[in-house]
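Listed below are the residues making up each chain.
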Amino acid sequence: MTNASADRASGPTRRTTLTGLVGGAGALLAAGCSASPATAPPTRRTARAYASASDPTPGVMTLFKDPAFNFNGLFTLGGSGYGSAEVGEVLTAVNTINKAGLSAQTYTETFKTLGDQLRKPPSSGEPDTQTTRFRALRAAQYYAQALFFVLGSDTPGSEEALYKAGRGAWDAFCERCDPVPVTARIPYGKTPLPVWFFRPDSSGERRPTVILTNGSDGQNVDMWTYGVAAALQRGWNALVYDGPGQGQLLFVDQVVFTPRWEKVVTPLVDWLSARPDVDTGKIALTGLSMAGDLAPRAAAFEHRIAALVAMPGVLSPWLGFPPEIREILTPDKAKTNTIWNKEVVPGLSPAEAATMKKRIEPFSVPAMLAARAGKMFTDFYTPATLIKSLDITDVVSRIKMPTLVLDYEFEQFYPGQPRQLFEKLTAPKDYVKLTAATGAQLHCSPMAPQQHCEVVFDWLEEKLSGS
């Protein structure tokens, strides 16, 4: 297929090309599975390999035969090193799901039930503060897993309630930290940004601080695993926040992503700079998953950032979608939506439909509300145009601070883009590829977040030691 015109491609043709790239493919669920045109052919072969039932995630532990569920299962299991999961709980849940028959319904039900159980006192007796604290953290993780697939379940309308359950568990965890993180609502447009500011102690000592930026479908608990715990261990402060298209702003306030992420980060830097316990010369910014695009965009305009880490580097989230999806978008809104509604939607399986609902909801409130009602969105043009506008190719040269670009062996969501971002950078820069040799392969090293954090914080401490 070379174009998206209605007279060029029929419904069955589009249905054929989408099968295996949309339905069940973990790549599209989390961020997409095709690379830029320069690397598209081998990437498409990789996408089909990942959809193979016999080898859903090459070179790694197989929890589920479906690559989307397997990736999320591995991601959950990896959090065990920082206390945001328990190996036995996760593997027991995996066995339960597989025994019942893997589906969005069984996955959602099993992890929600596990979260509910952990929010109750253990059967062994009255829990102490630390027990309650870490049970709440694990509950937040398990609710996040249920939330990820709820739109494909029998109860898509429970999405907001499920988010709130996870948020309640996260807040319960934070309330029992010592010291308790400082919380605030930082002005941003008409909807303030909720933030959680973690400190190693209450001494008021000026410390280096890292702003941790989540991706398109992560939750606060992921930031604990991918930065907060590691920062506190090293005597750093850490700031966690929900931006537009994320967490509370998406699921409750109904605010979608913005391509101008500097408008999000600058108020955070303002707030941190007013605090006496922040070393304003040592404020770092990290971006996980799709935030490997958002954080560099912010750093291109917010020059008070002293160091930047893209995990992985991303130039264009739109290129993370398969070409068969991208070709639907034309310059004409009516034409685009006609192709979507007349040619594509009628041929989607329930699994494929759930995938598209999940991927598009952070970019379209009507799409999110339709998905919660069990319906498919009808306007593909508007969210697709927004996703396309996230391209940062033209602003990378404005980044001035030292930058670390991470890449991953078998990167299945943005293959090729980390190297492309690295090559475009004109600032002091480093490139690190995490590999299968130590179990750190795949997008964001789901099985090795401790290794991941070691690389990031060793680099940050080296770059900021003399700042």
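A. Structural view of the overall build of the chain. The helix and strand inventory of the chain stands at 19 helices and eight strands. Buried positions account for 60% of the 467 residues belonging to the chain. Looking at the chain alone, contacts between residues at least 24 apart form 74% of all its contacts between residues at least 6 apart. By element, 52% of the accessible surface of the chain is carried by carbon and sulfur atoms, the whole surface being about 16800 Å².

B. Seen up close, helix α18 (residues 417-424). All of the buried residues in α18 are Q417, P418, L421 and F422. When α18 is viewed along its axis, its buried side chains cluster within an angular range of 140° and face the same direction. Buried residues belonging to α18 abut α12 (291-299), β6 (307-311), β7 (403-408) and β8 (429-434).

C. The nonpolar core, seen in detail. In terms of nonpolar packing, the biggest core is built from 78 residues, with W170, F198, W224, F457 and L460 touching the most fellow members. If you tally residues by element for this core, the top one is helix α7 (residues 129-149), at eleven residues. The contact partners of W224, leaving out residues within four places of it in the chain, are Y82, S84, R133, L137, W170, F173, F198, A229 and L232. Listed in part, the 66 residues of the second largest apolar core include L272, A310, L315 and M356.

D. Spatial organisation of the packing of aromatic side chains. Tallied over the entire structure, the rule returns 27 aromatic pairs. Look at W318 and F380: their rings are 6.5 Å apart centre to centre, the planes differ by 50°, and that puts the pair in the tilted class. Taken together, the residues W318 in the loop between β6 and α13 (323-326) and F380 in the loop between α16 (365-372) and α17 (381-388) connect sequence positions 62 residues apart. Grouped by ring-pair contacts, the aromatic residues F64, F69, Y107, F111, Y142, F148 and F149 constitute a single cluster. If you follow R419 out to its NZ or CZ, it ends over the ring of Y431, 3.9 Å from the centre.

E. Here's a closer look at helix α15 (residues 350-360). By the criterion of burial, α15 is predominantly enclosed, with nine of the eleven residues buried. The complete set of buried residues in α15 reads E352, A353, A354, T355, M356, K357, K358, R359 and I360.

F. The environment of F363, seen in detail. Structurally, F363 is set in the loop between α15 and α16. Each C-alpha atom, one on F363 and one on P244, is 9.4 Å from the other, the two residues being 119 residues apart in sequence. When near neighbours in sequence (up to four residues on either side) are disregarded, F363 contacts V256, F257, M290, P383, L386, I387 and L390.

The rules we used
- Residues numbered from 1 in each chain as written.
- Predicted model: local features only at pLDDT ≥ 70, side-chain atom pairs only at ≥ 80, totals over all residues.
- Heavy atoms only, no water.
- Helix = DSSP H or I, 4+ residues; strand = E, 2+ residues; numbered from the N terminus.
- Buried < 20%, exposed > 50% of the residue type's maximum accessible area, 1.4 Å probe, protein only.
- Contact = heavy atoms within 4.5 Å.
- Areas by Shrake-Rupley, 256 points an atom, 1.4 Å probe, with all protein chains shown as cover.
- Arc of directions from axis to C-beta.
- Core = buried A, V, L, I, M, F, W, Y, C linked by side-chain atoms within 4.5 Å.
- Phe/Tyr/Trp six-rings, centres within 6.5 Å; stacked < 30°, edge-to-face > 60°.
- Lys NZ or Arg CZ within 6 Å of the ring centre and 35° of its normal.

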